[in-house]
Amino acid sequence: MRSTLRRHDITLVHATLNSPDSWGYIFDISHAEDHFAYQFTKLCFCGHSHVPAAFIRKITPDGKHAVAEIPKWARKPGEGIVPDRIQEADELSVKLEPSCRYLFNIGSVGQPRNRDPRSSFAVLDTEKQLVTRYRIPYPIWIAQEKIRKAGLPERLAARLELGN
């Protein structure tokens, strides 16, 4: 699945732009570089991995393109979270620079894979040129109950508590 909002210079894709039908993942700079070769809009929002990640492509002084991770966007595997914090909401904003391109994986509203069980979503403010990711706690037990009633595998319900 892929959609372009030309008026706002945004592309939305479930997986990657370089291989949308094979459900590729973007976990690192190498994958992001492959993706950026097919991104012709300023912004791209993707998902599929359920892991928040963000990358920026800048033009260097010599005219080449350099891709870098926006490290504050994602928590690295193994970092975990402080248990008391999973009941708190938080937010993180990235100011968009005019001459750069961006790739944002906002994480997941459900079934997170980054050891943070809170819902993760983002809002784009086109006037302020900000992308803000929010993490909010939600009643996980209600989602677990619905998973079990639907007859889905128990592991899908259990993993919600741990965010993995």
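Report follows, based on the coordinates.

1. A closer look at the sheet that holds strand β2 (residues 10-13)
Step number 1: With mixed pairing, the six strands of this open sheet are ordered in space as β1-β2-β3-β7-β4-β5. Each edge of the open sheet carries a strand with a single partner, namely β1 (2-5) and β5 (65-69). Averaged over all pairs of adjacent strands, the angle between their axes in this sheet comes to 15°, without regard to strand direction.
Step number 2: Relative to β5, strand β4 (residues 53-59) runs antiparallel, the two being bridged by five bridges. In the strand pairing of β5, Arg-57 is matched with Val-67.
Step number 3: Contacting β2, β3 (43-46), β4, β5 and β7 (101-105), helix α1 (residues 29-36) runs over the sheet at an angle of about 135° to β5.

2. Thoughts on the pattern of salt bridges
Working definition: two side chains of opposite charge can pair if their charged atoms are close together.
Step number 1: Per the stated rule, a full pass over the model turns up six salt bridges.
Step number 2: Measuring nitrogen to oxygen at the nearest pair gives 3.5 Å for the salt bridge that ties Asp-116 to Arg-135. Taken together, the positions of Asp-116 in the loop between β7 and β8 (119-125) and Arg-135 in strand β9 (residues 130-136) put the pair 19 residues apart, joining distant regions of the chain.
Step number 3: In this structure, Lys-149 and Glu-145 form a salt bridge, with 3.4 Å as the shortest nitrogen-oxygen distance. On the criterion of helical spacing, the pair formed by Lys-149 and Glu-145 is a turn pair, its members being four residues apart in helix α2 (residues 140-149).
Step number 4: When its relative accessible area of 43% is taken as the criterion, Glu-145 is described as partly exposed.
Step number 5: When salt bridges that share partners are traced, they join Asp-90, Asp-116, Arg-118 and Arg-135 into one network.

3. Quick word on helix α3 (residues 154-162)
Step number 1: Leu-156, Ala-157 and Leu-160 are the residues of α3 that are buried. In a view along the axis of α3, the buried residues occupy a sector of 100°, so they form one face of it. Exposed and facing more than 90 degrees away from the buried side of α3 are Arg-155 and Leu-162.
Step number 2: After α3 finishes, the residue Gly-163 shows a positive phi value of roughly 70°.

Calculation rules
- Residues numbered from 1 in each chain as written.
- Predicted model: local features only at pLDDT ≥ 70, side-chain atom pairs only at ≥ 80, totals over all residues.
- Heavy atoms only, no water.
- Pairing = 2+ DSSP bridges.
- Helix = DSSP H or I, 4+ residues; strand = E, 2+ residues; numbered from the N terminus.
- Axes fitted to C-alpha atoms, helices over the stretch in contact; angles between N-to-C directions.
- Contact = heavy atoms within 4.5 Å.
- Salt bridge = Lys/Arg side-chain N within 4 Å of Asp/Glu carboxyl O.
- Buried < 20%, exposed > 50% of the residue type's maximum accessible area, 1.4 Å probe, protein only.
- Arc of directions from axis to C-beta.

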